[in-house]
Amino acid sequence: MARTITMEVLRYRPEQDAGPVFQTYEVPFTDDMSVLQGLLHIKDELDETLSFRWSCRMAICGSCGMMINGKPALSCKTFLRDLAPGPVRIEALNHFPIERDLVVVMEDFIDKLERIQPYIIPKEPRTLEQGEYLQTPAQLEKYEQFSSCINCLLCYAACPQYGLNPDFVGPGALALLHRYNADSRDGGAAQRMELVAAEEGVFNCTAVGYCSEVCPKHVDPANAVNQNKTTAAADYFLGFLKPKGSRT
Amino acid sequence: MSKRRPYVRPMAGWWRKNPFFVEYMIHEGSALFVAAYGVVLLVGLVCLAQGEAAWNGWLAAMKHPLALLFHLAVLAMISYHSWSWFKIMPKTMPPLVIGGKRVAPAMITGAGLAATVVASLILLGLVWGMTR
Ligand code: SF4
Ligand code: FES
């Protein structure tokens, strides 16, 4: 006989529910089953109306983030055996509006992602004939960790400051911003620093640090945000020393 | 017509819902004790400026059992504050590279705590030496 576990899933069907409600399912599971597989079992065998996002099943696409027993986690990377005997509480990612069931509205993040200009703005434009941009291992190390982000939004669900003020650019986007600013090939730092220092920038962060705890890729977004507090403050004070009109 | 009706969940009581946030709030709260002790020292300084009588009055107030109890409470809170402050310190600074190797977060936290203990002991020794 297969073991079973109780999964309490937060449902929200805008056409019929006034607000979110929990619905309980009994799910048979084996040791190799993730929370995502539990949800897939529900959808395939028990209740086809349940909605959730997923794609890769291997912690790389970043679409399956949800609150599992109150903590932001990738459901494909969290195993039911570790949560037995249960019950397991599954909710949509905190701090985002719920579109339906476990699906959140992420337009806000996509917009922020665009605003940080997440691509290399070449410091020195080169033609194809001039060959590739070279980078030493030491230069790579400066940003490599911040380039591992998979846009899963767990850090946003872990950030109370984002929950309280959704204008805050937030940990994930700021970590990516830092990834480009710290790249030796990039020359766009001055443009991006405007956002870093803006009202919605790094100074919303009060160093709670939970974002870095929940990040499945060890990006340490809190570190990126806090390094940029120093950079933004230095820019501000050094700005007084520069002659007028020299700011780029 | 769109059936979309995104539901925004309330934030009320957010910090009670996760042990990590409770710890964060205690850390932030303990800063009030640090500030309170700063005020106590400031009052002492003002008394000193006001002359011998005021200064002796402040010294006597500091010896009251309630004042001693207050000191114990503040010591506990400040210890907690330093501990939790150094715990997040590695997250707030650029990577520290010594001899081509990145210093581990635990090392940074440990060094900070060690510095606190050493500085406290030196201060204690100085005051001890001066008042005997
Ligand atoms: S920084 Fe980490 S937690 Fe945040 S979106 Fe990127 S991978 Fe996810
Ligand atoms: S399904 Fe892709 S990260 Fe979980």
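In case you missed it, the structure is sitting above this.
As the structure is a computational prediction, the values presented were derived from the model and not from experiment. (Residues numbered from 1 in each chain as written. Chains lettered and ligands numbered in written order. Predicted model: local features only at pLDDT ≥ 70, side-chain atom pairs only at ≥ 80, totals over all residues. Heavy atoms only, no water.)

Caption draft 1: Up close: the overall build of chain A. Along its length, chain A carries 9 helices and 7 strands. In terms of principal-axis extent, the alpha carbons of chain A reach across some 75 × 40 × 30 Å. A buried classification covers 51% of the 248 residues belonging to chain A. Residue pairs at least 24 apart in sequence account for 64% of intrachain contacts in chain A once pairs closer than 6 positions are excluded. Summed over all atoms, the accessible surface of chain A reaches about 12300 Å², with 53% contributed by carbon and sulfur. Positive and negative charge centroids in chain A, built from 24 and 32 side chains respectively, lie 5 Å apart. (Helix = DSSP H or I, 4+ residues; strand = E, 2+ residues; numbered from the N terminus. Buried < 20%, exposed > 50% of the residue type's maximum accessible area, 1.4 Å probe, protein only. Contact = heavy atoms within 4.5 Å. Areas by Shrake-Rupley, 256 points an atom, 1.4 Å probe, with all protein chains shown as cover. Lys, Arg positive; Asp, Glu negative; His and termini not counted. Charge placed at Lys NZ, Arg CZ, Asp CG, Glu CD.)

Caption draft 2: Region of interest: the overall build of chain B. Within chain B, the regular secondary structure consists of 4 helices and 2 strands. Reading the secondary structure of chain B in the N-to-C direction produces α-α-α-β-β-α. A globule of 132 residues ought to have a C-alpha radius of gyration of about 14 Å, yet chain B, at 22 Å, is considerably larger. Structurally, chain B occupies a C-alpha span of about 80 × 50 × 25 Å along its principal axes. A buried classification covers 21% of the 132 residues belonging to chain B. Put simply, of all contacts in chain B between residues at least 6 apart along the chain, 47% involve residues at least 24 apart. Summing over all exposed atoms, chain B offers an accessible surface of approximately 9500 Å²; the carbon and sulfur share of this is 76%. (Rg over C-alpha atoms; globule rule 2.2 N^0.38 Å.)

Caption draft 3: How the structure looks around the pattern of salt bridges. Residues and elements named next belong to chain A. Taken as a whole and assessed by the stated rule, the structure comprises 17 salt bridges over all chains. In this structure, Arg185 engages Asp183 in a salt bridge whose closest nitrogen and oxygen atoms are separated by 2.7 Å. Note on Arg185: relative accessible area 23%, which makes it partly exposed. The class of Asp183 is buried, set by a relative accessible area of 2%. Through salt bridges that share partners, Arg11, Asp47 and Asp101 make up one connected network. (Salt bridge = Lys/Arg side-chain N within 4 Å of Asp/Glu carboxyl O.)

Caption draft 4: Structural view of the interface of chain B and chain A. Listed per partner, the contact involves 21 residues of chain B and 39 residues of chain A. Regarding the contact of chain B and chain A, the summed buried area is about 2500 Å², with carbon and sulfur atoms giving 55% of it. Looking at the side of chain B facing chain A, the largest losses of area belong to Tyr7, Arg9 and Lys91 of chain B, adding up to 28% of the total buried there. Counting the contacts that link chain B with chain A gives 3 salt bridges. (Buried area = accessible area lost by both parts, 1.4 Å probe.)

Caption draft 5: Highlighting unusual backbone geometry. Residues and elements named next belong to chain A. The omega torsion of the bond from Ala84 to Pro85 falls at 5°, within 30 degrees of zero and hence cis. Within the secondary structure, Pro85 is located in the loop between strand S4 (71-74) and strand S5 (88-91). The amide bond that connects Gly86 to the next residue, Pro87, takes the cis arrangement and shows omega of 0°. Here Pro87 is to be found in the loop between S4 and S5. For Asp101, which is not glycine, the phi torsion reads 45° and is therefore positive. Note on placement: Asp101 falls in the loop between strand S6 (98-100) and strand S7 (103-104). For Asp101, a relative accessible area of 0% gives the class buried. Here Asn151, not a glycine, exhibits a phi torsion of approximately 55°, which is positive. Secondary-structure assignment places Asn151 in the loop between helix H3 (137-144) and helix H4 (154-157).

Caption draft 6: Quick look at the sheet that holds strand S2 (residues 21-29) of chain A. All names here are of chain A. Reading across the sheet, the 5 strands line up as S2-S1-S5-S3-S4 and stay open at both edges, with mixed pairing between neighbours. Two strands close off the open sheet at either side, each with one partner strand: S2 and S4. Across the sheet, the axes of successive neighbouring strands diverge by a mean angle of 35°, strand direction being ignored. Inspection of the sheet shows strand S3 (residues 65-68) paired to S5 by 2 bridges, in the antiparallel sense. The partner of Met67 across the bridge, within S5, is Glu91. (Pairing = 2+ DSSP bridges. Axes fitted to C-alpha atoms, helices over the stretch in contact; angles between N-to-C directions.)

Caption draft 7: Main features of the packing of aromatic side chains. Here the structure, examined in full by the defined rule, presents 11 aromatic pairs over all chains. Seen from their ring centres, Trp14 of chain B and Phe21 of chain B are 5.4 Å apart, and the 75° between their planes marks the pair as edge-to-face. Classification of Trp14 of chain B as buried rests on a relative accessible area of 15%. Exposure remark for Phe21 of chain B: the relative accessible area of 7% places this residue in the buried category. Ring geometry for Trp85 of chain B versus Phe86 of chain B: centroids 5.3 Å apart, planes at 90°, classification edge-to-face. Residue placement shows Arg126 of chain A over the ring face of Tyr133 of chain A; its charged tip is 5.6 Å from the ring centre. (Phe/Tyr/Trp six-rings, centres within 6.5 Å; stacked < 30°, edge-to-face > 60°. Lys NZ or Arg CZ within 6 Å of the ring centre and 35° of its normal.)

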